[in-house]
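Structural overview
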Amino acid sequence: MKETQSKVFVAEINGLDEKGSGKAQVWRETEHGTKRKIKLTIPQTLPGEKVRVFVDKPERRRRRAVAEEILETHPERIGPECPHFEKCGGCVWQHWEYEGQLKQKTVHVKKAVEGQGFDSDLVLDAIGMDNPWHYRNKMEFTFSPAGALGLHEQGNFRKVISLETCLIAGKEMVEAAMTVADWVKDHNLKGYNKDKHEGLLRHLMVRQSFITGEMMLAIFATKGPKDELQAATDDLVKRIEANFPQVKSLLWMENTDWADRTQSENTHVLAGRDFIYDEIAGYRFRLWFDTFFQTNPTQAQKLVDIALEIGKPKKTEKMIDLFCGVGTFSLPFASRVDKLAGIEIVESSIESAKRNAKDNGLTNTYFLAKDARKGIDEVLESFGNPELLLLDPPRSGAGGKVIRRIGRSKPERIVYVSCNPDTFATDIKELEPFGYKLKVVQPVDLFPHTVHCEAVALLELE
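Reference entry: report on the structure contained in this document. Note that the structure is a prediction, hence the values are computed from the model and not measured. (Residues numbered from 1 in each chain as written. Predicted model: local features only at pLDDT ≥ 70, side-chain atom pairs only at ≥ 80, totals over all residues. Heavy atoms only, no water.)

To continue, consider the packing of helix α1 (residues 98-115) against helix α9 (residues 421-429). Packing of α1 against α9 leaves a shortest axis separation of 8 Å and a crossing angle of 30 degrees. Relative to α9, the element α1 is oriented roughly parallel. The way α1 lies across α9 gives a crossing that is right-handed. From α1, H108, V109, A112 and V113 reach across to α9, where they touch P421, D422, F424 and A425. Taken together, the residues that form the contact of α1 with α9 break down as six nonpolar, one polar and one charged. (Axes fitted to C-alpha atoms, helices over the stretch in contact; angles between N-to-C directions. Helix = DSSP H or I, 4+ residues; strand = E, 2+ residues; numbered from the N terminus. Parallel < 35°, antiparallel > 145°, perpendicular 65-115°, else oblique. Left-handed = near helix turned anticlockwise from the far one by under 90°. Contact = heavy atoms within 4.5 Å. Nonpolar A, V, L, I, M, F, W, Y, C, P; charged D, E, K, R; others polar.)

Laid out in structure tokens, this is it:
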């Protein structure tokens, strides 16, 4: 008979998985007297700790378990600041001293680089924040089917944890979000049930510039704000205008798609305009609800400063900015080079980049909406080979074809801005046959209390 009863084990955490949870393995005895290994994922544990865990259905070889008791604690373990930490999926490392988090992120980048045959000594210590709280300038909250506003539960995307606060979002953003939550309760509005595909309210996006102070509130719902919702939306406008004069964009977004994303089929401006202004490195940007922009402005400024410092742009040089987005790096570099071409596959981002360059008085930029590999070919034909190339790809990396095309274009210097150390290391390995040498890697922590780490690296053609 197959063994199915629950078991309690003592496990030692031997590492962390890609989501920041502790990893361990234990052995159970089967009904035949043999031993079988169970690989466990245990959230909110740290390397080297010994924990007592309850394992449901231990006959399965891989299980997620909860630590019932910490028997031996890590010296850097601390109590979490947020009352929602144990359940909410917004953070995973509030139980770890911040200096410990930074050391772990440095180790992660070093291992990724070393794994591809590079010298790990080229990786500097991760740059952290003086105050690693309330750092996010954008949050996407979810409505539960009952209408409660919150974030998804750790490891359970179908359950929403109702929030009373959030310590990684800007303070004014949290206050505005809680005002929307109260408005929903007062009008007895229902959230969206993704299993039954019914209900009204899906998400609330809040974004705010820490420089200009302008804020955007965008409610995503399954139908428009008129008819039976008119009185409720009128009340929402009154509440926001009375309490949050910094809200310059109050939006209602229709989204009937089955996909659980913050997208809009029809946008209604309830108050203000459909964008807000933000700034990085002294340059002004227009941000719409779907504009990709660095979510930690304090550390994003450091990214730009480091990229400029190691890239050493010159007024005599041509430059390509690959995966340029709305021009976060393009604008600061454009003012320091002769000509700059930006390439990005998202057309709306390219239109924003053009507008942002114009708003900031830059006349030496050219932006192209095209796939990275094809875009490079088109730019090189009219632009010529650049002396400097910067790329800031998504988490999946640039990919071998794009990287090899970069190598064939022979820029003297390559600045790689990465949000994933593993794909970064794989990408730069592709540049070695073209004569590029890795000079330095500077990790920067843009997401305290999470596993994510950015890095800026320089490669030179030898």
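This part takes up the pairing of strand β5 (residues 50-55). Here β5 shows a buried face lined by V51, V53 and V55 and an unburied face lined by K50, R52 and F54. Here strand β1 (residues 7-12) pairs with β5 via six bridges, running antiparallel. Pairing of F9 across the sheet is with V53, part of β5. (Buried < 20%, exposed > 50% of the residue type's maximum accessible area, 1.4 Å probe, protein only. Pairing = 2+ DSSP bridges.)

In a pair of packed helices, the angle between the axes and the distance between the axes together describe the arrangement. Packing of helix α7 (residues 372-383) against helix α8 (residues 400-409) leaves a shortest axis separation of 9 Å and a crossing angle of 20 degrees. Taken together, the axes of α7 and α8 are roughly parallel relative to one another. Between α7 and α8 lies a crossing whose hand is left-handed. Judged by residue contacts, A372, R373, I376, D377 and L380 of α7 engage K401, V402, R405, I406 and S409 from α8. Taken together, the residues of the contact of α7 with α8 break down into five nonpolar, one polar and four charged.

Taking strand neighbours across the sheet as the criterion, the four strands line up as β2-β3-β4-β6 in an open arrangement whose pairing is mixed. Looking along the sheet, the strands with just one partner apiece sit at the ends: β2 (15-16) and β6 (62-64). Pairing between strand β4 (residues 35-42) and β6: three bridges, direction parallel. Bridge pairing in β6 places T41 opposite R64.

A few words now on unusual backbone geometry. The phi torsion at Q44 lies on the positive side, around 60 degrees, for a residue other than glycine. In this fold, Q44 is placed in the loop between β4 and β5. Residue classification places Q44 among the buried positions, given a relative accessible area of 19%. Its identity as a non-glycine residue notwithstanding, N188 has a phi of 55 degrees, on the positive side. As for its position among the elements, N188 is in the loop between α2 (171-186) and β11 (201-208).

Another aspect to go through is the pattern of salt bridges. Evaluated as defined, the whole model comprises 23 salt bridges. For the salt bridge of K105 with D445, the shortest nitrogen-to-oxygen distance reads 2.6 Å. With K105 in helix α1 and D445 in the loop between β22 (436-444) and β23 (454-461), this residue pair connects regions lying 340 residues apart in the sequence. We note that K105, like D445, is buried. With its nearest N and O atoms 3.7 Å apart, the salt bridge here joins E279 to R284. The exposure class assigned to R284 is partly exposed, which follows from its relative accessible area of 34%. A network of salt bridges, in which partner residues are shared, links K314, E317, E412 and R413. (Salt bridge = Lys/Arg side-chain N within 4 Å of Asp/Glu carboxyl O.)

Next up on the list: the sheet that holds β23. One open sheet accounts for seven strands, arranged β19-β18-β17-β20-β21-β23-β22; its pairing is mixed. The sheet is open, and its two borders are formed by β19 (365-369) and β22, each paired with just one other strand. Shown here is a sheet whose adjacent strand axes are inclined to one another by a mean of 15 degrees, direction ignored. Bridging between strand β18 (residues 339-344) and β19 involves five bridges; their strand directions are parallel. In the strand pairing of β19, A341 is matched with Y366.

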